[in-house]
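Commentary on secondary and tertiary structure
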Amino acid sequence: MIRLVREKDPVNALGVGHTFIEDTEYSKTGDMVDIIIFHDYLETRSRVEATCKRAIELSKKYGKPVINNETGCLCRSNPYEVAIQMANKYKIGYYLFELMIPPE
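Let me sum up the structure you'll find in this document. The structure presented is a predicted model; accordingly, all values stated were derived computationally and were not measured.

Along the polypeptide, Asn68 turns up in strand β3 (residues 66-71). The class for Asn68 is buried, based on a relative accessible area of 6%. One polar contact links the side chain of Asn68 to the main-chain amide nitrogen of Glu70, over a distance of 3.3 Å. Beyond its immediate sequence surroundings of up to four residues, Asn68 is in contact with Phe38, His39, Asp40, Ile92, Gly93, Tyr94 and Tyr95.

In structure tokens, the structure reads:
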């Protein structure tokens, strides 16, 4: 699909929002994308930090920027302050996920 999307739109940056950073390696998409994208909803500070470290390793390996485009969710796992702190520490772009039910 990446090749097809690139063929149809050769201008815009392309990435795949992997559920885990390791999916970049398992799926072999690191060479095909313009930006490495992953989600992070891990439960502990040490696991969140390990994911950030691995993201930086893959960024260097493939020579591509990295972004965590889905993170922070109090009701599931990592609190916002941990997600933001780790992203800032490792200089990883992020997009906070907001899981809530709005009032009607």
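We are not done yet, so read on.
To continue, consider the nonpolar core. Within soluble globular proteins, side chains that are nonpolar generally end up buried alongside one another. Of all hydrophobic cores here, the largest spans 17 residues; its most connected members are Ile21, Ile36, Phe38, Ala55, Val66, Met86 and Ile92. Mapped onto this core, the elements with two or more residues apiece are β2 (36-40), α3 (45-62) and α4 (80-90). Apart from the residues lying within four places of it in its own chain, the contact partners of Ile36 are Ile21, Thr24, Leu58, Ser59, Tyr62, Lys64, Pro65, Val66 and Ile67.

Here is what the cut-offs are and how they apply
Residues numbered from 1 in each chain as written. Predicted model: local features only at pLDDT ≥ 70, side-chain atom pairs only at ≥ 80, totals over all residues. Heavy atoms only, no water. Helix = DSSP H or I, 4+ residues; strand = E, 2+ residues; numbered from the N terminus. Buried < 20%, exposed > 50% of the residue type's maximum accessible area, 1.4 Å probe, protein only. Polar contact = N/O pair within 3.5 Å; in protein donor to acceptor, adjacent residues only side chain to side chain. Contact = heavy atoms within 4.5 Å. Core = buried A, V, L, I, M, F, W, Y, C linked by side-chain atoms within 4.5 Å.

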